[in-house]
Amino acid sequence: KVKLGGGEPTLNGGQFVQHAAEILRQLSVELGVGSRLVLLSNGLTISDQLIAVSVVHGVHWSISVDPGRTVGKNDQPTYPRVLANIRKILDAEG
């Protein structure tokens, strides 16, 4: 299992995740071992493109949820946005 975390890996976009998934798949084949790519995220900046890439490449998600957290000048709660992004991921995965 390879986890992409540290900072916020979703900020690197779908191309980065696609490249990482392709490298991991190639290494798995060369070494004859199974593998799994996991994105660790706070769930705030998940684009539709990134979700599509994760579905195509079988990337797994680990999302931290903090219902009391706020962000921005107006202290907007993050929970609704994170929950909406989780729903989008689940819908895309079918």
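Residues numbered from 1 in each chain as written. Predicted model: local features only at pLDDT ≥ 70, side-chain atom pairs only at ≥ 80, totals over all residues. Heavy atoms only, no water.

Trainee: So what exactly am I meant to see when it comes to the overall build of the chain here?
Mentor: In terms of regular secondary structure, the chain is built from three helices and five strands. Going from the N terminus to the C terminus, the chain shows its helices and strands as β-α-β-α-β-β-β-α. Principal axes of the C-alpha set define a box for the chain whose edges measure 50 × 30 × 20 Å. In the chain, which comprises 94 residues, the proportion classed as buried is 32%. Across the chain, contacts joining residues at least 24 apart in sequence account for 57% of those joining residues at least 6 apart. Accessible surface, the chain: about 6,000 Å² in total, of which carbon and sulfur atoms supply 53%. Across the chain, 9 positive and 8 negative side-chain charges occur, with their mean positions spaced 4 Å apart. (Helix = DSSP H or I, 4+ residues; strand = E, 2+ residues; numbered from the N terminus. Buried < 20%, exposed > 50% of the residue type's maximum accessible area, 1.4 Å probe, protein only. Contact = heavy atoms within 4.5 Å. Areas by Shrake-Rupley, 256 points an atom, 1.4 Å probe, with all protein chains shown as cover. Lys, Arg positive; Asp, Glu negative; His and termini not counted. Charge placed at Lys NZ, Arg CZ, Asp CG, Glu CD.)

Trainee: Explanation requested: the pattern of salt bridges in the structure shown.
Mentor: Working definition: two side chains of opposite charge can pair if their charged atoms are close together. Summed over the entire model, instances satisfying the criterion amount to one salt bridge. The partner of K88 in a salt bridge is D48, and the shortest N-O contact between them spans 3.0 Å. With K88 in helix α3 (residues 79-93) and D48 in helix α2 (residues 48-57), the pair connects residues that are 40 residues apart, well separated along the chain. You can call D48 exposed: its relative accessible area is 53%. (Salt bridge = Lys/Arg side-chain N within 4 Å of Asp/Glu carboxyl O.)

Trainee: It is not clear to me how the packing of α2 against α3 should be interpreted in this structure. Could you clarify?
Mentor: As a packed pair, α2 and α3 sit with axes 10 Å apart at the nearest point and diverge in direction by 40°. Viewed along their axes, α2 and α3 adopt a mutual orientation that is oblique. For the crossing formed where α2 meets α3, the hand is right-handed. Taken together, the residues of α3 that come into contact with α2 (itself represented by D48, I51 and V55) are K88, I89, A92 and E93. (Axes fitted to C-alpha atoms, helices over the stretch in contact; angles between N-to-C directions. Parallel < 35°, antiparallel > 145°, perpendicular 65-115°, else oblique. Left-handed = near helix turned anticlockwise from the far one by under 90°.)

Trainee: I tried to follow the side chain of H57 on my own but got confused; where do I start?
Mentor: Summarising the element assignment, H57 is placed in helix α2. A residue is classified by how much of its surface remains accessible, and H57, at 15% relative accessible area, is buried. Excluding its chain neighbours within four sequence positions, the residues that come into contact with H57 are Q18, A21, E22 and R25.

Trainee: What is the right way to look at α2 in this model?
Mentor: Within α2, burial applies to L50, I51, V53, S54 and H57. Here the buried residues of α2 occupy an arc of 160° about the axis, which is enough to place them on one side. The exposed set on the far side of α2, more than 90 degrees from its buried face, consists of D48 and V56. Taken together, the buried residues of α2 touch α1 (13-31), β2 (37-41), β3 (60-63) and α3. (Arc of directions from axis to C-beta.)

Trainee: Please clarify how the sheet that holds β2 should be interpreted in this entry.
Mentor: Hydrogen bonds between backbone atoms are what pair the strands of a sheet, whose relative direction is either parallel or antiparallel. With parallel pairing, the three strands of this open sheet are ordered in space as β1-β2-β3. At either end of the open sheet lies a strand with only one pairing partner, and these are β1 (2-4) and β3. Pairs of neighbouring strands in the sheet enclose a mean axial angle of 25°, with direction left out of account. The pairing of β1 with β2 spans three bridges and is classified as parallel. Considered in β2, the bridge of V2 is made with L37. (Pairing = 2+ DSSP bridges.)

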